[in-house]
Amino acid sequence: MSKSIRFLIAAFAALLVAALLTAGTQPKGNEGKGRYYFRQACKECHTKGAKGGEITPLTKTQAQWRAYFVKAKHAGGAEAITKVMPDTQLLDVQTYLVNHAADSPQPETCGK
Ligand code: HEC
């Protein structure tokens, strides 16, 4: 096999891996439901003056929200975030938070 063909194959393989990696990082939940669950459940403790302190999508960047839900520890690491709500609803909340994070294309500006 010639060197240039081997190089081309390696370049395509790298592109494929990169495409797969970026495709996998976008959460696939339902953003509209996520907004609803966030307001219903999370906001109870996460408004100004409440015991969890104010939290909005703008509290973190997209990467930080993703990392938060991978770790899935809540309240200073004291408990699993799944204690707050079931996995399926958390995926929706995660989608909402990531899609409207501080560095997202549509940062949340109303209805905090
Ligand atoms: C029963 C009250 C309560 C509910 C409901 C709640 N939280 Fe919290 N949360 C807390 C407390 C208490 C802390 C710790 C605050 C601190 O350490 O200053 C916290 C901390 C956090 C933090 C900061 C990082 C950390 O984990 O310490 C994030 C982010 C967070 N909560 C997200 C959420 C999300 C998302 C939901 C809804 C799925 C939620 N919380 C629901 C009480 C709550």
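Since the structure is predicted, the reported quantities are computational estimates derived from the model, not experimental observations.

## Focus on the overall build of the chain
Phase 1: A tally of regular secondary structure across the chain gives 4 helices and 2 strands.
Phase 2: Written out in order from the N terminus, the α and β elements of the chain read α-α-α-β-β-α.
Phase 3: Within the chain, buried positions represent 19% of all 112 residues.
Phase 4: Taking the intrachain contacts of the chain between residues at least 6 apart in sequence as the baseline, contacts between residues at least 24 apart amount to 68%.

## Examining helix 2 (residues 31–42)
Phase 1: By the burial criterion, the buried members of helix 2 are Gly34, Arg35, Tyr37 and Phe38. Along the axis of helix 2, the buried positions cluster into a sector of 170°, meaning they face one direction only. Those residues of helix 2 that are exposed and angled more than 90 degrees off the buried face are Gly32 and Gln40.
Phase 2: Of the surrounding secondary structure, the elements contacted by the buried residues of helix 2 are helix 4 (87–99).

## Regarding the site of the ligand
Phase 1: Taken together, 16 residues form the shell around the ligand, and within it Cys42, Cys45, Gly52, Ala75 and Gly76 come nearest.
Phase 2: Residue composition of the shell around the ligand, by class: 9 nonpolar, 5 polar and 2 charged.

## What to know about unusual backbone geometry
Excluding glycine, residues mostly carry a negative phi; peptide bonds, for their part, are mostly trans.
Phase 1: Of note in the backbone geometry, Ala72 takes a positive phi value of approximately 60° without being a glycine.
Phase 2: Its place among the elements puts Ala72 in the loop between helix 3 (62–71) and strand 1 (73–74).

## So, the environment of His46
Phase 1: Positionally, His46 belongs in the loop between helix 2 and helix 3.
Phase 2: In contact with His46, not counting residues within four places along its chain, are Gly52, Gly53, Glu54 and Ile55.

Definitions and cut-offs
- Residues numbered from 1 in each chain as written.
- Predicted model: local features only at pLDDT ≥ 70, side-chain atom pairs only at ≥ 80, totals over all residues.
- Helix = DSSP H or I, 4+ residues; strand = E, 2+ residues; numbered from the N terminus.
- Buried ≥ 20, exposed ≤ 12 C-beta atoms within 10 Å, placed from the backbone.
- Contact = placed C-beta atoms within 7 Å.
- Arc of directions from axis to C-beta.
- Near = placed C-beta within 6 Å.
- Nonpolar A, V, L, I, M, F, W, Y, C, P; charged D, E, K, R; others polar.

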